[in-house]
Amino acid sequence: MEYEIWDNHTHLVLTLGETPEACLKESLKFADRLGISRVCLFSGNWKGRYDLTPDEMRASNDMVWRAVKAYPDRAFGYAHLNPKHTLACLDEMNRCIRDGPMVGVKLIAAEHCNRPTLDPIVELAMKLKAPVLQHTWLKITGNLTDESTPMELAELAARHPGATFICGHAGGDWEQGIRAVRPHPNIYADLCGGDPAAGFTEMAVRELGPERVLYGSDVNARSYASQLGKVLGADISESHRRLVLAGNIKRLLKPILDAKGIKI
């Protein structure tokens, strides 16, 4: 059976080529094998670090900008932001989203997302009609110093009920993460980042409803195939599978794509 598939969570893999354009071209070859037609792309100059300076944020976004401009029918860019630098984040959102080709925000593990430094970022994202994808995790060995949890994202979402949030990785420890975001209808969970464990997708669909669950791969940390297996192998209905694979992210992005005149 054929599916339309949009990958909500991918990173620009800088080891795949000499330029951002070449890196995305190579990554899309692997996506093509699995029938993935669109990817949401962010995080160009990762360098193994989270606490990016404003200059590093800009450089990172410049690389993603170049890649998505080269493949506008295959990739949507998200502005890659470190909320410790709130004013710089607002400048980047205006540069990359308002005035540029990007359509979403990716907040990295550099600031706890329940802090007030994020409020202006979320308010601008609402104005721009951009969804906000927040990295979240619950590590059994302890989170990074400034790494956000799903519980902290729930606090932020409660302050901004009109914003659209994506809980990256569903918190890693997805049984806790799903329960943490369940009361907040403006939070969607993406399935990427961990091992393809049985029951993950089923629980997300059951507890959040099929309209609040998104397929993502977390390439390059994970593979397209292993993460896609979570959805294709899940014991859910075909109509729900189609929502998770593409229907939900298409609906979330429609307001900003319409505002930018992008037809899908």
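Treat the numbers as computed from the prediction; the structure is a model and nothing was measured.

Some words on the sheet that holds strand β1 (residues 5-11)
Here is step 1 of the chain: Taken in spatial order, the 8 strands line up as β1-β2-β3-β4-β5-β6-β7-β8 in an open sheet, and their pairing is parallel. The sheet is open, and its two edges are formed by β1 and β8 (213-214), each paired on a single side.
Here is step 2 of the chain: In this structure, β1 lies alongside strand β2 (residues 36-42), joined through 5 bridges in parallel fashion. Bridging from a neighbouring strand, Ile 5 pairs with Ile 36 of β2.

Section: the packing of aromatic side chains
Here is step 1 of the chain: Counting across every chain of the model gives 3 aromatic pairs.
Here is step 2 of the chain: Consider the rings of Phe 42 and Tyr 78, whose centres lie 5.7 Å apart with planes at 25°: the pair is stacked. Residue Phe 42 is located in strand β2, and its partner Tyr 78 is located in strand β3 (residues 75-81); the two are separated by 36 residues in the primary sequence.
Here is step 3 of the chain: Centre to centre, the rings of Trp 174 and Phe 200 are 4.9 Å apart; their planes meet at 10°, and the pair counts as stacked. Of this pair, Trp 174 sits in helix α6 (residues 174-181) while Phe 200 sits in helix α7 (residues 200-208), and the two are 26 residues apart along the sequence.
Here is step 4 of the chain: On the basis of relative accessible area, Phe 200 is assigned to the buried category, the value being 2%.

Some details on the nonpolar core
Here is step 1 of the chain: By size, the foremost hydrophobic cluster in this structure holds 84 residues, and its most contacted members are Met 93, Ile 97 and Leu 253.
Here is step 2 of the chain: In terms of residues, this core owes the most to one element, helix α9 (residues 238-260), which gives 8 residues.
Here is step 3 of the chain: Met 93 has contacts with Leu 81, Arg 98, Val 105, Ile 121, Leu 124, Ala 125 and Leu 128, leaving out every residue within four places of it along the chain.

Overview of the pairing of β3
Here is step 1 of the chain: Counting buried positions along β3 gives 7 out of 7 residues, so the element sits mostly inside the fold.
Here is step 2 of the chain: Where β2 and β3 come together, 3 bridges link them in parallel fashion. Bridge assignment links Cys 40 to a residue of β3, and that residue is Phe 76.
Here is step 3 of the chain: Bridge count for β3 against strand β4 (residues 104-107) is 4 bridges, and the pairing is parallel. What sits directly across from Ala 79, in β4, is Val 105.
Here is step 4 of the chain: In this fold, β3 hands off to helix α3 (residues 86-98), which returns the chain to β4; that crossover is right-handed.

Looking at the side chain of Thr 136
Here is step 1 of the chain: Here Thr 136 lies in the loop between β5 (132-135) and α5 (150-159).
Here is step 2 of the chain: Judged by its relative accessible area of 0%, Thr 136 falls in the buried class.
Here is step 3 of the chain: The contact partners of Thr 136, leaving out residues within four places of it in the chain, are Ser 148, Thr 149, Pro 150, Leu 153, Cys 167, Gly 168, His 169, Ala 170, Gly 171 and Gly 172.

Regarding the pairing of β2
Here is step 1 of the chain: Across the 7 residues of β2, 6 count as buried, placing the element largely inside the fold.
Here is step 2 of the chain: Taken together, β1, helix α1 (residues 20-33) and β2 form a β-α-β motif whose crossover is right-handed.

Focus: the packing of α3 against helix α4 (residues 119-128)
Here is step 1 of the chain: Contact geometry of α3 with α4 gives a least axis separation of 10 Å together with a crossing angle of 15°. Classified by the angle between their axes, α3 and α4 sit roughly parallel to one another. As for how α3 packs across α4, the hand of that crossing is right-handed. Contact residues: Thr 86, Cys 89, Leu 90, Met 93, Asn 94, Ile 97 and Arg 98 in α3; Pro 120, Ile 121, Leu 124, Ala 125 and Leu 128 in α4.
Here is step 2 of the chain: Per-class residue counts for the contact of α3 with α4 are 9 nonpolar, 2 polar and 1 charged.

The rules behind the values
Position labels on residues start from 1 in each chain and follow its written sequence. Thresholds applied to this predicted model are a pLDDT of at least 70 for local features of residues and 80 or more for the giving and counting of side-chain atom pairs; totals over whole chains, interfaces and linings are not thresholded and use all residues. Neither water nor hydrogens contribute to the side-chain values; these are computed over all heavy atoms in the structure. Strands were regarded as paired on the criterion that DSSP finds at least two bridges between them. Each helix is a run of DSSP H or I of at least 4 residues and each strand a run of E of at least 2, with the numbering of both proceeding from the N terminus. To pair, rings of Phe, Tyr and Trp, with the six-membered ring standing in for Trp, must have centres within 6.5 Å; the planes then decide the type, stacked if under 30 degrees apart, edge-to-face if over 60, and tilted in the middle. Exposed residues in this analysis have more than 50% of their type's maximum accessible area, buried residues have under 20%, and partly exposed residues fall in between, with area computed by a 1.4 Å probe over protein chains only. Nonpolar cores are built from buried Ala, Val, Leu, Ile, Met, Phe, Trp, Tyr and Cys residues. Side-chain atoms within 4.5 Å join them into one set. The contact definition used throughout considers only heavy atoms, calling two residues in contact when any of these lie within 4.5 Å. Assignment of crossover handedness uses the view with strands pointing away from the viewer, where a clockwise path from the first strand over the helix to the second indicates a right-handed crossover. Lines are fitted to the C-alpha atoms to define the axes, a helix being fitted only along its stretch in contact, and any angle between axes, read from their N-to-C directions, falls within 0 to 180 degrees. Roughly parallel here means an angle under 35 degrees, roughly antiparallel means over 145, roughly perpendicular means 65 to 115, and every remaining angle is called oblique. Note on convention: the crossing is left-handed when the near helix lies turned anticlockwise from the far helix by less than a right angle, right-handed when the turn is clockwise. Here the term charged refers only to Asp, Glu, Lys and Arg, the term nonpolar to Ala, Val, Leu, Ile, Met, Phe, Trp, Tyr, Cys and Pro, and the term polar to all other amino acids, Gly among them.

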